[in-house]
Amino acid sequence: MASSPLPLNLRINIDEEYNPRVASYAFSEAAQRWVVEDAERPPQPLDQNEFRMVSWNIWFGETAVVSRHRAQCRAIEALSPDFFALQEVTPPILAAFLQEPWVRARYRVSDARASTFREYGVVLFSKHPFLTVHVHEMVSKLDRRLVVGTFALSGGRRLCVCTSHLESYAEDAKYRRLQLEQAVGVMESFDHAFFVGDTNMQFPEEDACPTALGLGDAWTTLHPGELGLTQTLETAAMAGGDPKCFRLDRVLFRAGITPLSIEHIGTEPIALAETEGFELRTSRRTAVREGVSVYPSDHLGLCFVVRCDPASSPTVAIASSTAAPASLPLSASVSVSVSVS
């Protein structure tokens, strides 16, 4: 049964001529800084079909922030993924990642200046040259955005990698549905496409949403019957509040993608550095509470491998005909009313 219309009163203070396409960045050894990549020189198509990726909400909290950052870096560097997507990235932590020698040597990035962030944001790193990077405004009370990296593959095919941090609050399941519909609207024109990130899906009825939108779920495909929790009592306790267990973080894919493996990372407590190295003077800085273990994040990360099926075509029936547009025209004040089933 259809629910009542959802009134969306959006206040977006960005120029009306907003263009969702943004620059990507690579580190220049000569200049010793991150520089904008030349968008006029399209990259050579990638001659590979299997890709390893990490997705991780790294937690914007500043409890043991340096120790946690070091643990996150060790984990990601050891896995050497083709792509990694991070959520809840603050500008200082983005700067810390961009100073890592292994990041500078191997990766490009969707944002080297935190210019697509609000107070924090989402960022996509890639070993491979981006064809394009777009950052789409989402229907949101929390200024959430969809980061989209596209890549050229052999045979004229295109790969789309989407990442976001969907609406957080328990009562906002309707927003999460709309946001996922927006992502599908972007993905549906590509030969191969998948979405990764913190979906914040917290209720059993939300599990049906990706399927209704024509998306597969890598965890349930490869680990049927396993809970796959990405926030546990132990990791949530570090962040304070009321600890709960959820599978918040997901890998969702369209036709043209076959998931081959998926596993959790950041599952063990970490040792704390003798000194945290620098001070971040914000309201999120809290001491490590006695008796509480520190993990790399309050979320477990996901490391997964997918295959882009060469014979695929971008034709998947989408079960919703009311999908919101992939990007909204950004005026100073926008009001939308949408019915969600």
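Shown above is the structure to which this text applies.
The text that follows walks through the structure, step by step, so that each part is easy to find. Quick caveat, the model's predicted, so the values are computed rather than measured. Every chain's residues receive numbers from 1 upward, in the order its sequence appears when written. Since the coordinates come from a predicted model, pLDDT governs what is reported: local features require at least 70, and pairs of side-chain atoms require 80 or more to be given and counted, while whole-chain, interface and lining totals use all residues. Side-chain numbers come from the whole structure's heavy atoms, not from hydrogens or water.

A count of helices and strands for the chain gives 7 helices and 17 strands. Relative accessibility thresholds used throughout: buried, under 20% of the residue-type maximum; exposed, over 50%; partly exposed, between the two (1.4 Å probe, protein chains only). A buried classification covers 53% of the 341 residues belonging to the chain. Contacts between residues were defined by any pair of non-hydrogen atoms, one from each residue, lying within 4.5 Å. When contacts within the chain are restricted to residue pairs at least 6 apart in sequence, those whose partners lie at least 24 apart make up 77%. Accessible surface is estimated by sampling points in the Shrake-Rupley manner with a 1.4 Å probe; for residues, cover comes only from the protein chains shown. Accessible area of the chain: about 15000 Å², with a carbon and sulfur share of 51%. Note on conventions: DSSP H or I runs of at least 4 residues are helices, E runs of at least 2 residues are strands, and numbering of each starts at the N terminus.

So, on to the pairing of strand S8 (residues 121-126). Counting buried positions over the 6 residues of S8 gives 6, a clear majority of the element. Because side chains alternate across S8, one face comprises the buried residues Gly121, Val123 and Phe125, and the other comprises Val122, Leu124 and Ser126, equally buried. At least two DSSP bridges between two strands are required for those strands to pair. The pairing of strand S7 (residues 108-109) with S8 spans 2 bridges and is antiparallel. Bridge pairing in S8 links Arg108 to Ser126.

Next up on the list: the sheet that holds strand S12 (residues 192-198). Strand order in the open sheet made by the 7 strands is S2-S9-S10-S11-S12-S14-S13, with mixed pairing throughout. Looking at which strands have only one partner, the edges of the open sheet turn out to be strand S2 (21-22) and strand S13 (216-217). Where strand S11 (residues 158-165) and S12 come together, 7 bridges link them in parallel fashion. Bridge pairing links Cys162 to Phe195 in S12. Only the stretch in contact is used when fitting a helix axis, every axis being a line fitted to C-alpha atoms; angles between N-to-C directions are given from 0 to 180 degrees. Sheet contacts for helix H4 (residues 173-187): strand S9 (132-137), strand S10 (145-152), S11, S12 and strand S14 (249-253); angle to S12, the most-contacted strand, approximately 155 degrees.

With that settled, consider the layout of surface pockets. Buriedness of a pocket was judged along seven lines, with at least five required to meet protein on both sides within 12 Å; pockets are open sets of points on a 1 Å grid over the protein atoms alone, cavities are sets where a 1.4 Å probe fits but cannot get out, and lining residues have an atom within 4 Å of a point. Grid points are joined across faces, edges and corners, and a volume is the space filled by probe spheres set on the points. Of the voids in this model, the largest pocket is the one considered here, and its volume is about 630 Å³. In terms of lining residues, the largest pocket is bounded by 24 residues, among which Ser168, Asn200, Gln231, Asp298 and His299 are the most central. Among the residues forming the lining of the largest pocket, the class breakdown is 11 nonpolar, 7 polar and 6 charged. Taken as a whole, the second largest pocket holds about 300 Å³ of empty space. Ser24, Glu37, Asp38, Ala39 and Phe130 are the residues nearest the centre of the second largest pocket, which is lined by 17 residues in total. For the lining of the second largest pocket, the secondary structure elements donating two or more residues are S2 and S9. Gly is put with the polar residues, along with every residue not named as nonpolar or charged; the nonpolar set is Ala, Val, Leu, Ile, Met, Phe, Trp, Tyr, Cys and Pro, and the charged set is Asp, Glu, Lys and Arg.

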